[in-house]
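# Overview (structure and organization)
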Amino acid sequence: CKGPGGCRSGRKDMALRCAAWLAAGRQQPRCPRLPPPAREGTVRRSSAAKASAVKITEKASREKILTLESMNPQVKAVEYAVRGPIVLKAGEIEKELRKGIKKPFTEVIKANIGDAHAMGQRPITFLRQVVALCTYPNLLDSPSFPEDAKNRARRILQGCGGNSLGSYSASQGINCIREDVASYIERRDGGVPADPDNIYLTTGASDGIATILKILVSGGGKSRTGVMIPIPQYPLYSAAISELDAIQVNYYLDEENCWALNVNELRRSLNEAKAYCNPKVLCIINPGNPTGQVQSRKCIEDVIHFAWEEKLFLLADEVYQDNVYSEGCQFHSFKKILYEMGPEYYNNVELASFHSTSKGYMGECGYRGGYMEVINLHPEIKGQLVKLLSVRLCPPVSGQAAMDIVVNPPIPGEESYSQFIKEKESVLNNLAKKAKLTEDMFNKVPGIHCNPLQGAMYAFPRIFIPSKAIEEAKAHKMAPDMFYCMKLLEETGICVVPGSGFGQREGSYHFRMTILPPVEKLKILLEKVKDFHIQFLEKYA
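Residues numbered from 1 in each chain as written. Predicted model: local features only at pLDDT ≥ 70, side-chain atom pairs only at ≥ 80, totals over all residues. Heavy atoms only, no water.

Defined as follows: UniProt positions are given in the numbering used here, feature names are shortened, and annotations may be inferred rather than shown by experiment.
Looking up the protein in an unreviewed UniProt entry gives the name alanine transaminase, with the organism given as Nycticryphes semicollaris. Regarding the protein, the relevant UniProt record gives this comment under Pathway (unreviewed entry): "Amino-acid degradation; L-alanine degradation via transaminase pathway; pyruvate from L-alanine: step 1/1."

Following this line, the structure appears as structure tokens:
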């Protein structure tokens, strides 16, 4: 518009109105000579949209509050090899197979983790019956369920708020289940007394271990808490230590002596650590993970004496206590041996021991059921521990119910006993056969040595890696055994975990593999590993 003197409409009244509106700083009325309103409106909306888009772009480009530089450095330091890079790569390969991308294999075999049911192990019927009854109490009227299962379910539900598995429990766990755990420990240990008040139900054993470590770690500089862990170790320990900014103190198991624990090695490790931290925690895994050794009574006595002498808090990870296969080997709990060593030890050594629904013959990993027994804890610290546990309210109540069946199974004379014992023995006998099969087959392969699998559910063979392959691994910025395991995955579809994720002596290389697959699949897996290893040696010789 050219103003009042040259209004394109040719109308004087329109020109005067425009002039008045312009003088007032307001938008002009629509001129009849201008395009229709619809088009004008479209143009205005488009401009507004563009302006809005610019603003959104400006906002999107703002620096993030949480970055790798600003995040908690202790969390960044955490590593968990069991679900690390090799497992992520296995997931990518599985997606490619589903898309029809051709590989030298048709499936990925995840032998990286001890997940029994994922590997085809069948659940224990009685355990599932009781949990089903607790979950849906209407089934208590069904004739399809045995009375001994119903009786246990009723007892558990009576301990739940509102008789419902969906209610919170006490932070320490349902009282009647803690009583059953204490009774189980007394039976297992030949009458050694156990107090339900010392029992804490947990979200798997991992939760208990992390909680106890959290309450133990303190100090700064050379006074910072040192935590002694076996090498090789289960990566939960190194991860928890990193997250808590504690000091990891390594002691090495003796591979040449079937991964035995030597007290002289404990003493060497402790004395060296005193120069840079305050070692006050000693962690033991028995039976061993990833190494599968079962500690002798004499060894446990020596460890307890060492802990008493050096004033160390003992953590006994005993989640594989049902998994003992080798002749001449027997599980001894640290609690039992401690008691039998006399009051000077039993009344003074602070001990936390752990168990879980995830391993043994149950394999119920997903329920996240577990417990810890903590003895000789200072009364004031006991209150602090309960306070810390109360922050997470309570462990999963369904997991507590599952744990109850582990410690309170059918007994002789009850309706479900024969089926229960048959299923339990079948699982454990199968595992024993697979342990021996794995050991024998690995030891027939040139460049692989495997110690006897006395217990647990893994093999941790030592592998020879030629210098040429080590150089190529360095070029790819990988640990040599990570390079080996990645090649194994890419060429065979077998997913195992490199020994570097568990710790090992400098210059030695291993991998951890579960023995859980069904026997026929395990044989195929072992044959594939043998063929791959021979080809690997030829390629890099």
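## Some remarks on the overall build of the protein
Applicable threshold: Counting from the N terminus, the helices are the DSSP runs of H or I reaching at least four residues and the strands are the DSSP runs of E reaching at least two. Exposed residues in this analysis have more than 50% of their type's maximum accessible area, buried residues have under 20%, and partly exposed residues fall in between, with area computed by a 1.4 Å probe over protein chains only. Note on contacts: a residue pair is in contact if any heavy atoms of the two residues lie within 4.5 Å. For every accessible area listed, the method is Shrake-Rupley and the probe measures 1.4 Å; residues are considered covered only by the protein chains on display.
For the protein, the helix and strand inventory stands at 19 helices and 14 strands. Residues classed as buried in the protein amount to 50% of the 541 residues present. The long-range fraction of contacts in the protein, counting pairs at least 24 apart against all pairs at least 6 apart in sequence, stands at 70%. Taken as a whole, the protein presents about 26,000 Å² of accessible surface, with 52% of it coming from carbon and sulfur.

## Points about the environment of Val 108
Tracing the sequence through the fold places Val 108 in the loop between α4 (85–98) and β1 (109–110). Apart from residues lying up to four places away in sequence, Val 108 is in contact with Ala 90, Ile 93, Glu 94, Leu 97, Leu 489 and Gly 493.

## Examining the packing of helix α17 (residues 467–475) against helix α18 (residues 480–492)
Axis angle and axis distance: for two packed helices, these are the angle between their axes and the distance between the axes, and together they describe the pair. Note the following rule: Note on geometry: axes are lines fitted to C-alpha atoms, helical ones only across the stretch in contact, with angles between N-to-C directions running from 0 to 180 degrees. For classification, angles of less than 35 degrees are called roughly parallel, those exceeding 145 degrees roughly antiparallel, those between 65 and 115 degrees roughly perpendicular, and all remaining angles oblique. Residue polarity is assigned by list, with Asp, Glu, Lys and Arg as charged and Ala, Val, Leu, Ile, Met, Phe, Trp, Tyr, Cys and Pro as nonpolar; anything else, Gly included, falls into the polar class.
Where α17 meets α18, the axes come as close as 8 Å, and the angle between the chain directions of the two elements is 90°. Viewed along their axes, α17 and α18 adopt a mutual orientation that is roughly perpendicular. Residues Ala 469, Ile 470, Glu 472 and Ala 473 of α17 touch α18, and the partners they reach there are Pro 480, Phe 483 and Lys 487. Tallied by class, residues from the contact of α17 with α18 come to five nonpolar, no polar and two charged.

## A few points about the environment of His 332
By the element assignment, His 332 lies in the loop between β6 (313–317) and α12 (334–340). Overall, His 332 belongs to the buried group, its relative accessible area being 14%. Among residues more than four places away in sequence, those in contact with His 332 are Asn 286, Gln 295, Ser 296, Arg 297, Ile 300, Glu 318 and Ile 337.

## Considerations on the pattern of salt bridges
So the rule is basically this: Every case where a carboxyl oxygen of Asp or Glu lies within 4 Å of a side-chain nitrogen of Lys or Arg is listed as a salt bridge.
The full count for this structure, using the stated rule, is 26 salt bridges. Lys 150 is paired through a salt bridge with Glu 147; the nearest N and O atoms lie 3.7 Å apart. In this pair, Lys 150 and Glu 147 are both assigned in helix α6 (residues 147–158), three residues apart and thus about one turn of the helix distant. We note a salt bridge from Glu 414 to Arg 152, for which the minimum N-O separation is 2.9 Å. One end of the pair, Glu 414, is in the loop between α15 (397–407) and α16 (417–442); the other, Arg 152, is in helix α6, and 262 residues separate them in sequence. Overall, Arg 152 belongs to the buried group, its relative accessible area being 9%. Linked through salt bridges whose partners overlap, the residues forming this network are Arg 297, Glu 301, Lys 336 and Glu 340.

## Quick notes on the confidence of the model for the protein
Defined as follows: On a scale of 0 to 100, pLDDT captures the predictor's confidence in every residue.
Chain-level pLDDT for the protein is 89 on average; 88% of the residues reach the 70-or-more range. This model gives residues 38–44 a pLDDT under 50, and the stretch forms three contacts once residues within four places in sequence are excluded.

## Looking at the packing of aromatic side chains
Using the following cut-off: Any two rings among Phe, Tyr and Trp, with Trp reduced to its six-membered ring, count as a pair given centres within 6.5 Å; such a pair is stacked if its planes are under 30 degrees apart, edge-to-face if over 60, and tilted if neither.
Taken as a whole and judged by the stated rule, the model has 14 aromatic pairs. A centroid spacing of 5.9 Å and a plane angle of 80° characterise the contact between Tyr 361 and Phe 420, whose relative ring orientation is edge-to-face. With Tyr 361 in the loop between β7 (351–356) and β8 (369–375) and Phe 420 in helix α16, this pair connects stretches of sequence that are 59 residues apart. Of the two residues, Tyr 361 and Phe 420, both sit in the buried class. With 5.2 Å between their ring centres and 80° between their planes, Tyr 484 and Phe 532 make a pair best called edge-to-face. Of this pair, Tyr 484 sits in helix α18 while Phe 532 is found in helix α19 (residues 519–540), placing the two residues 48 residues apart along the sequence. No difference in accessibility class separates Tyr 484 from Phe 532, as the two residues are buried.

## What to know about helix α5 (residues 125–135)
Because each turn of an α-helix spans 3.6 residues, side chains separated by three or four positions end up pointing in the same direction. Of the residues making up α5, those classed as buried are Phe 126, Leu 127, Gln 129, Val 130, Val 131, Leu 133 and Cys 134. Of the surrounding elements, those touching the buried residues of α5 are α6 and α15.

## Points about the side chain of Asp 317
Note the following rule: Counted as positive: Lys and Arg. Counted as negative: Asp and Glu. His and the chain ends are not counted at all. Polar contacts, as counted here, are pairs of nitrogen or oxygen atoms within 3.5 Å of one another; within protein the pair requires one atom able to donate a hydrogen and one able to accept it, and residues that are adjacent in sequence qualify only if both atoms are side-chain atoms.
Position of Asp 317 relative to the elements: it lies in strand β6. It is Lys 359 that comes nearest to the buried, bridge-free Asp 317 among opposite-charge side chains, at 9.7 Å. A polar contact of 3.5 Å, which involves the side chain of Asp 317, links it to the backbone nitrogen of Val 319. Residue contacts for Asp 317: discarding those within four places in its chain leaves Ile 209, Tyr 237, Ile 284, Ile 285, Asn 286 and Phe 354.

## Some details on the sheet that holds strand β13 (residues 497–498)
What counts, and what does not: Paired strands, in this sense, are two strands between which DSSP finds at least two bridges.
Spatial ordering of the open sheet is given by β10-β14-β13, a layout of three strands whose pairing is antiparallel. Looking at the sheet topology across the chains shown, the edges are occupied by β10 (458–459) and β13. Here β13 runs beside strand β14 (residues 511–514); their pairing, made up of two bridges, is antiparallel. Looking at β14, one finds that Val 497 is bridged to Arg 512.

## Some details on the sheet that holds β6
Reading across from one edge, β2-β8-β7-β6-β5-β3-β4 is the order of the seven strands in this open sheet, with mixed pairing throughout. Edge positions in the open sheet fall to β2 (199–203) and β4 (247–252), since each of these has one partner strand only. Put simply, the sheet's adjacent strands are angled 25° from each other on average, direction ignored. Where β7 lies against β8, six bridges are found, and the strand directions are antiparallel.

## Considering the nonpolar core
Under the convention used in this document: Residue types Ala, Val, Leu, Ile, Met, Phe, Trp, Tyr and Cys, when buried and joined through side-chain atoms within 4.5 Å, form a set referred to as a nonpolar core. Domain extents, as shown, originate in an automatic or database domain assignment.
Ranked by size, the top nonpolar core spans 121 residues in total, and within it Leu 127, Ile 212, Leu 315, Tyr 371, Phe 442, Phe 511 and Met 513 carry the most contacts. Ranked by residues supplied to this core, first place goes to α16 with eight residues. When residues of this core are assigned to domains, at least three map to each of domain 1 (73–108 + 420–540) and domain 2 (125–407). In this structure, Ala 273, Leu 282, Ile 300 and Ala 316 belong to the second largest nonpolar core, which totals 34 residues.

## Overview of the packing of α5 against α15
Cut-off, in case you're wondering: Crossing handedness is read from the near helix: turned anticlockwise from the far helix by less than a right angle, it gives a left-handed crossing, and turned clockwise, a right-handed one.
One can describe the packing of α5 onto α15 by two numbers: an axis separation of 9 Å at closest approach and a directional angle of 140°. As summarised for this structure, α5 and α15 are arranged oblique, according to the angle between their axes. When you trace α5 past α15, the crossing you get is right-handed. Residue-level inspection shows Phe 126, Leu 127, Val 130 and Val 131 of α5 in contact with α15, the latter providing Ala 402, Ile 405 and Val 406.

## Things to note about α18
Stated precisely, the cut-off is as follows: A helix is expected to span 1.5 Å for every residue after the first.
Compared with the 18 Å implied by 1.5 Å per residue over 13 residues, the 18 Å span of α18 between its first and last C-alpha is a close match. Buried residues dominate α18, accounting for eleven of its 13 residues. Buried residues of α18: Pro 480, Asp 481, Met 482, Phe 483, Tyr 484, Cys 485, Met 486, Lys 487, Leu 488, Leu 489 and Thr 492, and no others. Following α18 by one or two positions, Gly 493 adopts a phi angle in the positive range, close to 85°.

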